[in-house]
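Spelled out from the first residue to the last, the chains are:
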Amino acid sequence: MDNKALVELVGRLTLEQKVALLTGEDFWSLRAVPEIGLRKLLVSDGPAGVRGTTWDERDPSLLFPNPTALAALWDPGQVRRAGALMGAQARDKGVAWHLAPNVNLHRSPLGGRHFECYSEDPVLTAKTAAAFVEGVQSAGVASTVKHFVGNESETERMTYDAVIDEATLREVYLPPFEAAVRAGVWSVMAAYNSVDGVSMTDNGPLITGVLKDGDGSGPGFGPGLGLGFDGVAVSDWFATRSTTESADAGLDVVMPGPTGPWGEALVAAVRRGEVEESAIDDKVLRVLRLADRTGFLDGSDPLPPVSTPDDADAQLRDIAARAMVVLRNEQVGADPLLPLDPGSVSRVAVIGPNAELLTAQGGGSAHVNPAHVISPLTALTEALGPMVTVDFAEGVVTQRLLPAITPQAATDPDTGHPGLRVDFIDPAGDVLGSEVRQASRFVFMGGLPAGTAGIRVRADVVIGQAGNHQFSVSGVGAFRLVIGDNAPMKITMSPSAGGDLVEGLVKPPEHRVDVEIETETVRIEVVAQVDPNLPIAMFGLNHQEPGPAEEELFQAAVDAARAADVVVMVVGTTDEVESEGFDRTDLRLPGRQDELVHAVAAQNPRTIVVVNAGAPVEMPWRDSVPAVLWAWFPGQEGGYAIADAVTGAVEPGGRLPTTFPKTAADAPVLSTAPVDGKVVYAEGSMFGYRGYAKAEIVPAYPFGHGLGYTTWEYEDITAGVNAAGDVEVAVKVRNTGERIGREVVQIYLACEGGDPQRDDPPRLAGFGTTLAAPNEIATVPITISRRVLARWDVARREWCVRAGVRELIAARSAWDARIRTRVELAGS
Ligand code: BGC
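Conventions we followed
Residues numbered from 1 in each chain as written. Predicted model: local features only at pLDDT ≥ 70, side-chain atom pairs only at ≥ 80, totals over all residues. Heavy atoms only, no water. Near = heavy atom within 4 Å. Polar contact = N/O pair within 3.5 Å; in protein donor to acceptor, adjacent residues only side chain to side chain. Nonpolar A, V, L, I, M, F, W, Y, C, P; charged D, E, K, R; others polar. Salt bridge = Lys/Arg side-chain N within 4 Å of Asp/Glu carboxyl O. Helix = DSSP H or I, 4+ residues; strand = E, 2+ residues; numbered from the N terminus. Buried < 20%, exposed > 50% of the residue type's maximum accessible area, 1.4 Å probe, protein only. Contact = heavy atoms within 4.5 Å. Axes fitted to C-alpha atoms, helices over the stretch in contact; angles between N-to-C directions. Parallel < 35°, antiparallel > 145°, perpendicular 65-115°, else oblique. Left-handed = near helix turned anticlockwise from the far one by under 90°. Pairing = 2+ DSSP bridges. Phe/Tyr/Trp six-rings, centres within 6.5 Å; stacked < 30°, edge-to-face > 60°. Lys NZ or Arg CZ within 6 Å of the ring centre and 35° of its normal. Disulfide = S-S within 2.5 Å.

**A short note on the site of the ligand**
- Near the ligand you find 13 residues, and of these Asp 45, Arg 113, His 147, Asp 236 and Glu 580 are the closest.
- With respect to the ligand, the side chain of Arg 113 contributes an N or O atom lying 2.7 Å from an oxygen atom.
- Within the side chain of His 147, a nitrogen or oxygen atom sits 2.7 Å from an oxygen atom of the ligand.
- By residue class, the composition of the shell around the ligand is five nonpolar, two polar and six charged.

Below you can see the structure in the form of structure tokens.
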């Protein structure tokens, strides 16, 4: 539809109707306005898949390799492919508006949402985000670039003030948003935090000044030279705290609804003349434009006919394996230990908690419910084949909660069929509605029958073995628990002091009960109290069979390692360690995993360690094992992807999008805790690899590092300036190994200040990839736009290029420069 037609539709609405459209109808939708042919717009998280509007097993979603993995591809083409697949699933779920990508930067490795963001580098983040947006939107689904801006940590995330100097903001934190807007993104999410004292949902200079003003045709953004963003600026959930300030700042939609600071208060403000009605019209126009673009408005152009392809699982498996990073791969005997040829071994020990319980994703709003998660143990056993004996030992337990009750081990007491019975009850105990569920961790966000005062869950749990069983309820709130014939227990659990709502979901308190059981089944019943005014409930029912003591588990792992030809360890974090809603407090692997790796490696010199984590962890054992493969949070097909990478069926060709320090204390920026409500970005752009370089601290594994399965020689580099002022670089590389492989050529820019003695460390300016057979030479072309070469001139308030010579370094990582050239730039 053209703009005129959309404006005409806006004109047909009353002020009340217009304002009503600008706050969610509920948590996950904007209301329909049938009079103008507008259908209900469904909104869904998030960066690791399309959750849809329910948060449970009944509406499963494809679970993708998480964002740090996508960034580790260093390959916009592959990222676009992932985005298109996500867009296709959004279409299948009827979702118009998707809440990703998250382009906040890895400022501190402790950042809770590190796994959910792409990188510590703005250029890699920008290119990855633009490709993701293009992919999702190619399916006719709106992307939302978030969280605009300065949302690099989670501690006090609703309120902190990010103090960022102007040049750093322009050069480092805004470019990923700029790239998304230039890629045509249809929505931007305003963050919870403030920037320089102004709440982001009230921030006119940034929302309107930087994003919306102007037509985007200028050399970049500046006052009056905004990016020409014509989409919707939506608030983060519950982030809007004002009526007129936010409306005037350029925020378009308040989420979630139905209540909030706009509604009647905004209507009244318009009537009083405090907010122009034309400002409201502009917001509505933007919403209708989004509806038109996503096919939710009668008369919109037909969308491309896309739906989730049959090979979606295979695509996720392939992307996940490609994104994995070979951190270390030493010779053991004649060859490096990786890839592992199944034909060369007869007994393999698969060890570690994450081998059986893969952490396929991080916690928080990015969480989706996949239909299945393939464990590394299952996949490795399959890949090694029937001729290889596989011994499994978890070694240590890292899950804080008892295991969830599986539907296979529970039957509905009313019917005897598999699953758990959930009843919604009123204050008198009468049942208002009922359902059978195939999971035991529940999230209800609205959608309960009116008058619900309690949610009762009942199940007959199958008991595998007589003895001491543990049961637990996890969650925040008041519960009544009955196990078997025992007396009912009243349990009240509070959220941690100052904790985020999400923390209660991801890291709930748990109440455990020990029960001696001799029978074959036991009836368990829990009632969760619900506040009818806030119909939100999140809780779980958990059960642990009698099992070996911790020490026995540990010893079994050591014994298995000793008996094996090769050990594949899978260690890692959990979605309780890496999550939205709180930051990490250290970078250690949870539980006794470090100790386990040391103990196993001491038994078997042929130990491969696979690390299953979204963000850096300390690996104090890294030099004591010959091979370390970094697997990220690899999504639902993660087990298969790990097996493909370990056996070399796919080359794990990822490169680190972030620096991995030896110890947390080495990170240039560590603390995420606001001081007096402020997070001061005093380091400017000297964090990540530039911060390590400036402080001359050698990391464990640098930004850009990744060995792949072959070796490369850098033979030549040339560079020149084209008519548009962009620098065109060509790098000639030769595959000197014995396998076909993929190389990521990274170009770092040096000599920016013109005085090599005093210049800041080089920064990434561009990259390109190639695939080459053994001994093949490939030339990799890389264009560095003039915009990337420019710096923000605070006095002139515009992008400027200093005239003079720059050095371009072709490198295999930020610490592995291979070949250099110089180029002379004209100034501006
Ligand atoms: C998160 C957003 C998310 C929203 C909706 C917020 O807590 O910060 O990233 O999209 O919730 O779930």
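**Quick word on the pattern of salt bridges**
- This model, assessed by the stated rule, comprises 59 salt bridges.
- Ionic pairing is found between Glu 178 and Arg 182, a salt bridge with its closest N-O pair at 3.2 Å. Placement of both Glu 178 and Arg 182 in helix 7 (residues 175–182) is noted, with a separation of four residues, approximately one turn of the helix.
- Accessibility expressed as a relative area gives 43% for Arg 182, which makes it partly exposed.
- Accessibility expressed as a relative area gives 5% for Glu 178, which makes it buried.

**With respect to the side chain of Lys 93**
- Structurally, the position occupied by Lys 93 is in the loop between helix 4 (76–92) and strand 3 (97–98).
- Relative accessible area serves as the criterion here: at 16%, Lys 93 is assigned to the buried category.
- Reaching out from Lys 93, the side chain makes a polar contact with the side chain of Asp 59 at a distance of 2.8 Å.
- A distance of 3.0 Å separates a polar atom in the side chain of Lys 93 from the backbone oxygen of Pro 60.
- Not counting residues within four places of it along the chain, the set of residues in contact with Lys 93 comprises Leu 42, Val 50, Arg 51, Gly 52, Asp 59, Pro 60 and Ser 61.

**Some words on the packing of helix 14 (residues 376–384) against helix 18 (residues 638–647)**
- At a minimum axis separation of 7 Å, helix 14 and helix 18 run at an interaxial angle of 45°. Accordingly, the angle class assigned to the pair helix 14 and helix 18 is oblique. Note on packing geometry: the crossing formed by helix 14 with helix 18 is right-handed. From helix 14, Pro 376, Ala 379, Leu 380, Glu 382 and Ala 383 reach across to helix 18, where they touch Gly 639, Tyr 640, Ile 642, Ala 643, Val 646 and Thr 647.

**Remarks on the sheet that holds strand 38 (residues 817–825)**
- If you walk across this open sheet you meet the four strands as 33-32-37-38, and the pairing is antiparallel. A strand with exactly one partner marks an edge of an open sheet, and here the two such strands are strand 33 (763–772) and strand 38. With strand direction ignored, the average angle separating the axes of adjacent strands in the sheet is 25°.
- The sheet contact formed by strand 37 (residues 804–811) and strand 38 spans eight bridges and is antiparallel. Following the sheet pairing, Gly 804 is matched in strand 38 by Leu 825.

**Looking at the packing of helix 4 against helix 12 (residues 312–323)**
- At their nearest, the axes of helix 4 and helix 12 sit 11 Å apart, and the two run at 150° to each other. The two elements helix 4 and helix 12 cross, and the hand of that crossing is left-handed. Across from Gln 78, Arg 81, Ala 82 and Leu 85 in helix 4, the residues of helix 12 making contact are Ala 312, Gln 315, Leu 316, Asp 318, Ile 319 and Arg 322.
- Its residues assigned to classes, the contact of helix 4 with helix 12 shows five nonpolar, two polar and three charged.

**A closer look at unusual backbone geometry**
- Here the bond from Asp 45 into Gly 46 is cis, since omega is -5°, no more than 30 degrees from zero.
- Note on placement: Gly 46 falls in the loop between strand 2 (41–44) and helix 3 (67–72).
- In this chain, Lys 146 is followed by His 147 through a cis amide linkage whose omega measures -5°.
- The residue His 147 is located in strand 4 (residues 144–148) in this model.
- At Trp 74, a residue that is not glycine, the phi angle is positive and equals roughly 45°.
- Residue Trp 74 is classed as buried on the basis of its relative accessible area, which comes to 0%.
- At Arg 797, a position not held by glycine, the phi torsion is positive, near 55°.
- Relative to the helices and strands, Arg 797 resides in the loop between strand 35 (791–793) and strand 36 (798–800).
- Overall, Arg 797 belongs to the partly exposed group, its relative accessible area being 36%.

**Considering the packing of aromatic side chains**
- What the rule picks out here adds up to 19 aromatic pairs.
- Centroid distance Phe 442 to Phe 444: 6.2 Å. Interplanar angle 10°. Geometry classified as stacked.
- Judged by relative accessible area, Phe 442 falls into the buried class, the value being 1%.
- Where Trp 630 meets Phe 660, the ring centres are 4.5 Å apart and the plane angle is 70°; that geometry is what we call edge-to-face. Remark: Phe 660 occurs in the loop between helix 18 and strand 29 (678–680) and Trp 630 occurs in strand 28 (residues 627–630); sequence separation between them is 30 residues.
- Here the aromatic residues Trp 74, Tyr 689, Phe 703, Tyr 748 and Phe 767 are joined through ring pairs into a cluster of three or more.
- A cation over an aromatic ring shows up here: Arg 592 above the ring of Phe 554, its NZ or CZ 4.4 Å from the ring centre.
- The aromatic ring of Trp 799 is capped on one face by Arg 787, whose charged end is 3.6 Å from the ring centroid.

**What to know about the environment of Asp 298**
- Note on placement: Asp 298 falls in the loop between helix 11 (277–293) and helix 12.
- Using a relative accessible area of 46% as the deciding quantity, one classes Asp 298 as partly exposed.
- Residues Asp 298 and Gly 52, 246 residues apart in the sequence, show an inter-C-alpha distance of 23 Å.
- Ignoring any residue separated from it by four or fewer positions in sequence, one finds Asp 298 in contact with Met 1, Gly 37 and Arg 39.
- Looking at Asp 298, its side chain comes within polar contact range of the side chain of Arg 39, at 2.7 Å.

**Things to note about the pairing of strand 17 (residues 431–437)**
- Bridging between strand 16 (residues 420–425) and strand 17 involves six bridges; their strand directions are antiparallel. From the neighbouring strand, Val 422 faces strand 17, where its bridge partner is Glu 435.
- Where strand 16 folds back on strand 17, the antiparallel hairpin that results is connected by five residues, among which Gly 429 adopts a positive phi of roughly 95°.

**Notes on the sheet that holds strand 10 (residues 325–329)**
- Taken together, the six strands give an open sheet; going across it, the order is 10-28-27-26-13-14, and neighbouring strands pair in mixed fashion. Edge positions in the open sheet fall to strand 10 and strand 14 (389–393), since each of these has one partner strand only. The sheet shows a mean angle of 15° between the axes of neighbouring strands, taken without regard to direction.
- Pairing of strand 13 (residues 347–351) with strand 14 involves five bridges; the strand directions are parallel. The residue of strand 14 that forms the bridge with Val 350 is Phe 392.
- This element, helix 14, spans strand 13, strand 14 and strand 26 (566–572) of the sheet and lies at about 165° to strand 14.
- Strands in contact with helix 16 (residues 550–563) are strand 13, strand 14 and strand 26; relative to strand 13, the strand with the most contacts, it is inclined by about 155°.

**Examining the state of the cysteines**
- Enumeration according to the criterion identifies zero disulfides in this entry.
- Looking at the unpaired Cys 751, the closest cysteine sulfur is the one in Cys 800, lying at 19 Å.
- By relative accessible area, which is 12% here, Cys 751 ends up buried.

**Observations concerning the pairing of strand 6 (residues 187–190)**
- Residues Ser 187 and Met 189 point to one face of strand 6 and Val 188 and Ala 190 to the other, with burial holding for every one of them.
- Judged from the three bridges that link them, strand 4 and strand 6 form a sheet pairing that is parallel. Bridge assignment links Phe 148 to a residue of strand 6, and that residue is Ala 190.
- Relative to strand 9 (residues 232–235), strand 6 runs parallel, the two being bridged by four bridges. For Val 188, the partnering residue across the bridge sits in strand 9 and is Ala 233.

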